[in-house]
Amino acid sequence: MIAVMSAEYDPESEAEAAMKRAAASEGADRQRLIQLALAWHQLARERRGNDAK
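Now for a look at the structure at hand. (Residues numbered from 1 in each chain as written. Predicted model: local features only at pLDDT ≥ 70, side-chain atom pairs only at ≥ 80, totals over all residues. Heavy atoms only, no water.)

Moving on: the side chain of serine 25. In this fold, serine 25 is placed in the loop between α1 (11-23) and α2 (27-51). Classification of serine 25 as buried rests on a relative accessible area of 17%. Here arginine 21 takes part through its backbone oxygen, which lies 2.7 Å from a polar atom of the side chain of serine 25. If we ignore the near neighbours within four places in the chain, the residues touching serine 25 are Arg30 and Leu33. (Helix = DSSP H or I, 4+ residues; strand = E, 2+ residues; numbered from the N terminus. Buried < 20%, exposed > 50% of the residue type's maximum accessible area, 1.4 Å probe, protein only. Polar contact = N/O pair within 3.5 Å; in protein donor to acceptor, adjacent residues only side chain to side chain. Contact = heavy atoms within 4.5 Å.)

The structure is reproduced here in structure tokens:
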């Protein structure tokens, strides 16, 4: 069972912020932030999919 995230977080904005931080980073930090942005992006896609139902 997956719990619904609080409406406080906007996954699309979080993904964008993580990508901006990744662009300003180097090495392992950059890779970690890119992975974080991809996770936020996936959450945004799932949220849009659930809203369509």
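By secondary structure assignment, the location of alanine 39 is in helix α2. Given a relative accessible area of 40%, alanine 39 falls into the partly exposed group. As a C-alpha pair, alanine 39 and alanine 15 span 24 residues in sequence and 7.7 Å in three-dimensional space.

Relative to the 18 Å expected for 13 residues at 1.5 Å per residue, α1 spans 18 Å between its end C-alpha atoms, a close match to the ideal helical length. Restricting attention to buried positions, one finds in α1 the residues Pro11, Ala15, Ala18 and Ala22. Mapping the buried residues of α1 onto a view down its axis gives an arc of 65 degrees, with all of them on the same face. For α1, the exposed residues lying more than 90 degrees away from the buried face are Lys20, Arg21 and Ala23. Looking at the buried residues of α1, the elements they touch are α2. (Expected span 1.5 Å × (residues − 1). Arc of directions from axis to C-beta.)

Within the structure shown, the criterion is met by three salt bridges. Two residues, arginine 48 and glutamate 12, come together in a salt bridge whose shortest N-O distance is 2.8 Å. On the criterion of sequence distance, the pair formed by arginine 48 in helix α2 and glutamate 12 in helix α1 is long-range, its members being 36 residues apart. One salt bridge connects arginine 32 with aspartate 29, and the closest N-O pair in it is separated by 3.9 Å. A residue pair is termed a helical-turn pair when its members lie 3 or 4 positions apart in one helix, as arginine 32 and aspartate 29 do in helix α2 at three residues. (Salt bridge = Lys/Arg side-chain N within 4 Å of Asp/Glu carboxyl O.)

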